Amino acid sequence: MATNHHLLLLVHLILVLSIIAIQTLAAYACIEDERDALLTFKAGISDGIRHSLSSWDEGQDCCRWRGVVCDNTTTRNILELNLRNPYQDSDNWTDYALSGEINPSLLALNHLTRLDLSNNDFVGMSIPEFIASFNNLTHLDLSYSKFGGKIPHQLGNLSKLRSLDLSGSYFIGTIPPQLGNLSSLRYLSLYSAFNDTSTPNTDNLEWISKLASLKYLDMGKINITNAVNWLHIVNKLQSIRVLLMSSSSLPSIPNHLSYVNFTGLTTLDLSNNWQFNTTLSSWLWNLTNLSYLNLEYCLFRGKIPDAHYNLTSLTYLNFKDNNLEGPLPSWLWNLTNLSYLNLLECQFHGKIPDALGNLTSFAYLNLGYNNLEGPLPSWLWNLTNLSYLNLEYCLFRGKIPDALGNLTSLIYLNLGGNNLEGPLPRSIGQLCNLRSIDLSYLGIGGDIRELVGMLGCKWTNMEEIFLSSNNLHGNLSNWLQQMANLKHLDLRNNSLVGSVPHGIGNLQNLNFLDLSSNSLRGVISEAHFANLTKLNDFLLSSNSLIISVGHNWIPPFQLTTLALGSCRVGPQFPAWLRWQRQINEVDLRNTSITGILPDWLWSLPLQLLDLSYNNITGTLPAHLKSTNIVSLDLKFNNLVGPLPLLPDALLLDLSNNSISGPLPKLLPTSILDLLLSNNLINGSIPSSICELASPEALDLSGNNLSGELPQCWQQGSGLEIIDFSNNNITGEIPPSVGSLTSLLSLDLSNNNFYGELPSELQYCKNLVLLDLGNNNFSGNIPIWIGEKLLNLRYLQLRSNMFEGNIPPQLAQLTALQVLDLSSNKLLGSIPRSFGNFTGMISSSVRNEKHTGIYLPGYDVDIFTYKDKLFLVMQGKESKYSEILYLVRTMDLSENNLSGVIPEEIGALRQLNNLNLSRNHLIGTIPEKIFDISSLEYLDLSSNELSGAIPQSISKLTFLDHLNLSYNNLSGRIPSGSQLDTLNDPSIYIGNVYLCGPPTSKNCSEDSAAPKQYVKLC
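**Overview of helix α2 (residues 32-43)**
Compared with the 16 Å implied by 1.5 Å per residue over twelve residues, the 16 Å span of α2 between its first and last C-alpha is a close match. Among the residues making up α2, those that are buried are E34, A37, L38, L39 and F41. Structurally, α2 contributes buried residues whose contacts are with β1 (45-46), β2 (68-70) and β3 (78-82).

Following this line, the structure appears as structure tokens:
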């Protein structure tokens, strides 16, 4: 009985406690109206396929729901709504993101102090104005949720707001100045808040000066160009501690402030405001509490002041990409707390002082692309905390010491592009934490397998290897397939041999592979790509590889870059490219592709396409204009048919095909380089060619163009190259060509131009090449060519109807290497000043490209243009381009020149070709001509020269062609080792008083000179 009694008491006690618990839970459950408001809000929201609001169940206490924070007191009011998407960095972040409409039912949460809807997906939806009615709100975070429309000015009513984050949005319009009413605000971020930053996103910044409590301000990546007085406004914020204005289009930066008020700043980021372009501002050195200073890419110039030791709190300093000069500032040595220093591309020079080694806190050191000569500083090897070291292209020389192995914390090491010598130290194998190594352009030799083997204890964990442009040999077998973590491998421009191992297909993390410019052979098959699902960039150009995959193969990857130039891919166009929906660059030049290009090629998102040097046939698609192509290179194929409307590209090279018909009347204004040479294009040149926005090169040579040149050339054009040679263009050169002041090369040769040269041409002062040969120009050769076009290196006026004397002022063209005035009607004597052409005297050579396109995001110029000339030598016309910079020639032949050959020409010691034939020159051959030790071609034929041939002609050891025929020369023909190889008697024909080999006439004592000439002497 006692047991039953105790049992009844226990049941009664449990029942009482349950009733108390239920009453307690009821008392502390969330308020019903607020719960209903949340459920109404949820009804208008999609919470993603992961159902991130699944805990919001009608039968549960809403204070327990995800993101809901209630008051812990008996009131149980909802205080915070934290609906931030925590998976914003995940590839599938949208699976967890909220979207839809934000219902005003939330207004029932009238005690709300924090609202966080960040990192969701509200896709351009405007911020609901009712949010401004949350009178108790202290924190509002709507960042990175794709809100759009205008920023509601009503937000300025949130008088208790302490933190506002609108960053990463798609707003339009400007920042409402009512935000200046948020007097309690301490944190404000508008980073990248606007969809369009091409126009100003604020009228002024005066409203900021009212935010007296503000400690954190981020206005990065918005356009505040209008805020000329931005610094004076920010200087009023005495409480500010963090100021971030990166990429803000700041119009300028004052050098001085009368009073620095914001000295409490600990973080200052003004990076990527390239409009500054001034010296470093003096007020910076008063910010003595700074721990973080980022001035990257502001185009500051001049020296860094060397008397500021008061920035001792700095832990982060970034001066990357500025135009600073002089040695490294000495006050750097006092920054003993510095752990991050980035001086990449700052133009510093001189040796690095040893005192920098006192900064033992370094974790990140980047001194790349400065002129820091001398050996690698010994103190470097004491910085044992370093995890990042970049010394690329610093002009360091000497050996890499064994002490490199001391830097065991290194994760990233870049010594590329220096003048270092000798083998790598084996101590590099001690860098067990290394994940990225760059030893490019060091001239490292040896077997690559030995080098990789030196990478030591965990070399198979390496993620990035850059060894391009060295002298490495060996093959890729037995080591490459073991590097399971490899993401980036660059071995281009070495001497690697053998095949590419199938095991490369097991490198599942590989996203970049460049093996171009080696001597690899063999077949690349589908097996090589088996597991390369992350591959983005695949470059094998300039190898002897065969790409052999099935016609129906679908790759496991999505490439952005493909370069297989000079590998064998054809004859069919690779069908698997059809599935590459992210491809931007394709290089399939010289890959044996034949036939017609597939239509689907033009639907790919291509920007660079190079299919040159193949056997592609057919016509260009009519819809070419609608593509996104930036650079299209189809030269040296067999394309036919008319030109369609051209795309808005930067480079179009369709030269050396059989394209016919006229040029389109409207050319794309964006084009920089239009290269259509050696086709069958006819008609006239449209006037729209003058409307190109910023052209660099126009090459229409070798077509059937006719008519006159347009008269529309305009001042300010950046045009550098005009080549309209080998056409049927007629008329005079329009004077407006003189407005092309950037012009470097003008080639109008082999046309039907006539008239005198316009004087306006003298304003093209940058001209390096001027070729007007084989036309019908007349009048005198203008004096201003020699007085104004002082950069000329190549001047060709042959085969015209120029008359009068040769102006001696041409000798002012000291850089001249090629002078061809042949086949005109020139009179008078050869100017003695012609011995002053420094370009024909000096042995130094300049091989300069004239123009090229560099596109952001691409490593190399996608196009370069070299000078070319068709020169007549030995009676044959040949094209000179790649070696034109080595040629020195003077051709004055086939004129009516008279007088003697000036001996001053003998000073032109680097002259290769001298042709004075078919004139009326008299006198003897000056001995000094044979001081031209580089002479390979000498033609003095068909003149009236007399006397003996100087024996010094035998000094011309490079002479390969000689013609002295049809003169009045006499005496014994000289002999010599090189001269004796020129044994063709026609060299001397027409000189009846010459004797000796190679002529058949023997010399006798009285036949050395004709009697009539002896009498004259």
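**Topic: the packing of aromatic side chains**
Enumeration according to the criterion identifies 28 aromatic pairs in this entry. Clustering of aromatic rings is evident, with ring pairs tying together Y292, Y316, Y340, Y364, Y388 and Y412. Its guanidinium or amino end placed over the ring of W579, R578 lies 5.9 Å from that ring's centre, counting from NZ or CZ.

**Concerning the confidence of the model for the chain**
The share of residues in the chain with pLDDT of 70 or more is 93%, and the mean pLDDT across the chain is 89. Note that pLDDT drops below 50 for residues 850-861; the model gives that stretch 39 contacts with residues more than four away or on any other chain. Across residues 1011-1017, where pLDDT falls below 50, the model places four contacts with residues more than four positions away in sequence or in other chains.

**A closer look at unusual backbone geometry**
In this model, G570 is joined to P571 through a cis peptide bond whose omega is 15 degrees. Position of P571 among the secondary structure elements: in the loop between β34 (561-563) and β35 (585-587). With omega at 10 degrees, the peptide bond leading from P997 into P998 counts as cis. Relative to the elements of secondary structure, P998 occurs in the loop between β69 (993-995) and α6 (1011-1016). One non-glycine residue, N590, adopts positive backbone phi at about 55 degrees. Following the sequence through the fold, N590 ends up in the loop between β35 and β36 (594-596). With phi around 60 degrees, N656 is a residue other than glycine that occupies positive phi space. You can see N656 is positioned in the loop between β41 (651-653) and β42 (658-662).

**Here we look at the sheet that holds strand β56 (residues 825-827)**
The strand order across the open sheet formed by five strands is β48-β50-β52-β54-β56, and the pairing between neighbours is parallel. One side of each edge strand has no neighbouring strand; the edge strands of this open sheet are β48 (730-731) and β56.

**Points about a negative patch on the surface**
Where like charges cluster on the molecular surface, the negative patch consists of E708, E732, E756 and E803. By the element assignment, E803 lies in strand β54 (residues 801-805).

**Details of the state of the cysteines**
Across all of its chains, the model carries four disulfides by this definition. Residue pairing for C690: its cysteine sulfur links by disulfide to C712, the two sulfurs lying 1.9 Å apart. Across the S-S bond linking C690 and C712, the dihedral sits near 70 degrees, which makes this disulfide right-handed. On the criterion of sequence distance, the pair formed by C690 in the loop between β44 (680-683) and β45 (697-699) and C712 in the loop between β46 (704-705) and β47 (721-723) is long-range, its members being 22 residues apart. Here C394 is not cross-linked by a disulfide; its sulfur's nearest cysteine counterpart is in C346, at 11 Å. Judged by its relative accessible area of 0%, C394 is buried.

**Topic: the environment of L562**
Within the fold, L562 resides in strand β34. Residue classification places L562 among the buried residues on the basis of a relative accessible area of 1%. With 451 residues separating them along the chain, L562 and H111 place their C-alpha atoms 58 Å apart. Those residues in contact with L562, other than ones at most four positions away along the chain, are F538, W576, L577, I583, E585, V586, D587 and L588.

What counts, and where the lines are drawn
- Residues numbered from 1 in each chain as written.
- Predicted model: local features only at pLDDT ≥ 70, side-chain atom pairs only at ≥ 80, totals over all residues.
- Heavy atoms only, no water.
- Helix = DSSP H or I, 4+ residues; strand = E, 2+ residues; numbered from the N terminus.
- Expected span 1.5 Å × (residues − 1).
- Buried < 20%, exposed > 50% of the residue type's maximum accessible area, 1.4 Å probe, protein only.
- Contact = heavy atoms within 4.5 Å.
- Phe/Tyr/Trp six-rings, centres within 6.5 Å; stacked < 30°, edge-to-face > 60°.
- Lys NZ or Arg CZ within 6 Å of the ring centre and 35° of its normal.
- pLDDT = per-residue confidence, 0-100.
- Pairing = 2+ DSSP bridges.
- Patch = residues over 30% accessible without salt bridge, like charges linked within 9 Å, V, L, I, M, F, W, Y side chains within 5 Å.
- Areas by Shrake-Rupley, 256 points an atom, 1.4 Å probe, with all protein chains shown as cover.
- Salt bridge = Lys/Arg side-chain N within 4 Å of Asp/Glu carboxyl O.
- Lys, Arg positive; Asp, Glu negative; His and termini not counted.
- Charge placed at Lys NZ, Arg CZ, Asp CG, Glu CD.
- Disulfide = S-S within 2.5 Å.

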